[in-house]
Amino acid sequence: AGYDNLIQYQLADKRKVNQWINELDRALGHSPLRILEVGCGPGFFGVLLSRMGHQVKCVDGAEGMIRAARANFKKYHVDVETQLEDACTLPDEQDETYDVIISRDVVWTLYDPVKAFSRWKEVLKPGGQIVYYDGNYREVKKTLKNFLWIKLSELLIFLTEHIIYPKDAEENSGVFAELPLGKKERPREDQKLLAAAGFKAI
């Protein structure tokens, strides 16, 4: 529900929406494409990509996210196929089906990025591409400068988006500590994994 609330806020912000549309146009071009969004969450990209004229299928491994995405696609009057599906194995996808696989804030959560990138390459058409936006969300060096930047960021987020992020003492333990990309230097590690999966232009 918290993530869905954030998506509602983002979709209501014309400036934010226009920034993402410009970015997606730059990354994808203007021709209509067959796109698979992996880890769609509540459907932010699905709404934008459909509005831009692309044919989109959105998958996520969480039932709650799929329910939220379907509700948002109905609310925003866009025709987007949705399905509950594992991001690493994509068991219900046919090979050589999509022009693009896209994701936002998902790759760092993959339990097997090697398997995922290899599978994603299989479901792409020849010459297809992966476009993803991600970050080092769990690996912040403990310096005074970083501490101050984090506090300033939290203040700005509160002032601009009226969101207070809860402090979770366990966020760097349990499942997060086991994620393969959680402690790696990125994007260097991504480049290695993508090359190992057979991608040429990274």
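Data block above holds the structure.
Note that this is a predicted model, so its numbers are computed, not measured.

## Focus: the packing of aromatic side chains
Enumeration according to the criterion identifies 7 aromatic pairs in this entry. Plain terms: the ring middles of Trp20 and Phe45 are 5.1 Å apart, the flat faces sit at 75° to each other, and that makes the pair edge-to-face. In this pair, Trp20 sits in helix H2 (residues 14-28) while Phe45 sits in helix H3 (residues 44-51), placing the two residues 25 residues apart along the sequence. Given the relative accessible area of 18%, Trp20 is considered buried. The class for Phe45 is buried, based on a relative accessible area of 1%.

## Structural notes on the pattern of salt bridges
Considering all chains together, one arrives at 12 salt bridges under this definition. For Asp134, the salt bridge goes to Arg186, with nearest N and O atoms at 2.6 Å. With Asp134 in the loop between strand E5 (124-133) and helix H6 (144-161) and Arg186 in the loop between helix H7 (175-178) and helix H8 (188-196), the pair connects residues that are 52 residues apart, well separated along the chain. Overall, Asp134 belongs to the partly exposed group, its relative accessible area being 23%. For Arg186, a relative accessible area of 11% corresponds to the buried category. A salt bridge links Arg186 to Asp190; its shortest N-O distance comes to 2.7 Å.

## A few points about H6
The first and last C-alpha atoms of H6 sit 25 Å apart over 18 residues, in line with the 26 Å expected at 1.5 Å per residue. Trailing H6 by a residue or two, His162 shows a phi angle of about 60°, which is positive.

## A closer look at the packing of helix H1 (residues 2-12) against helix H4 (residues 63-75)
With their axes 10 Å apart at the nearest point, H1 and H4 run at an angle of 25° to one another. Viewed along their axes, H1 and H4 adopt a mutual orientation that is roughly parallel. When the axes of H1 and H4 are compared, the crossing they make is right-handed. Residue-level inspection shows Tyr3, Asp4 and Gln8 of H1 in contact with H4, the latter providing Met65, Ala68, Asn72 and Lys75. When its residues are assigned to classes, the contact of H1 with H4 shows 3 nonpolar, 2 polar and 2 charged.

## Quick notes on H8
Those residues of H8 that sit buried are Glu189, Asp190, Leu193 and Leu194. One side of H8 holds all its buried residues, which, seen down the axis, span an arc of 130°. The outward face of H8, more than 90 degrees from its buried face, is lined by the exposed residues Arg188, Lys192 and Ala196. In this fold, the buried residues of H8 make contact with helix H5 (113-123) and E5. Just past H8, the residue Gly198 takes up positive phi, approximately 105°.

## Quick word on the sheet that holds strand E4 (residues 98-104)
If you walk across this open sheet you meet the 5 strands as E3-E2-E1-E4-E5, and the pairing is parallel. Looking at which strands have only one partner, the edges of the open sheet turn out to be strand E3 (81-84) and E5. When the angles between neighbouring strand axes are averaged without regard to direction, this sheet yields 20°. The pairing of E4 with E5 spans 6 bridges and is parallel. Of the residues in E5, the one forming a bridge with Val100 is Gln129.

The rules behind these values
- Residues numbered from 1 in each chain as written.
- Predicted model: local features only at pLDDT ≥ 70, side-chain atom pairs only at ≥ 80, totals over all residues.
- Heavy atoms only, no water.
- Phe/Tyr/Trp six-rings, centres within 6.5 Å; stacked < 30°, edge-to-face > 60°.
- Helix = DSSP H or I, 4+ residues; strand = E, 2+ residues; numbered from the N terminus.
- Buried < 20%, exposed > 50% of the residue type's maximum accessible area, 1.4 Å probe, protein only.
- Salt bridge = Lys/Arg side-chain N within 4 Å of Asp/Glu carboxyl O.
- Expected span 1.5 Å × (residues − 1).
- Axes fitted to C-alpha atoms, helices over the stretch in contact; angles between N-to-C directions.
- Parallel < 35°, antiparallel > 145°, perpendicular 65-115°, else oblique.
- Left-handed = near helix turned anticlockwise from the far one by under 90°.
- Contact = heavy atoms within 4.5 Å.
- Nonpolar A, V, L, I, M, F, W, Y, C, P; charged D, E, K, R; others polar.
- Arc of directions from axis to C-beta.
- Pairing = 2+ DSSP bridges.

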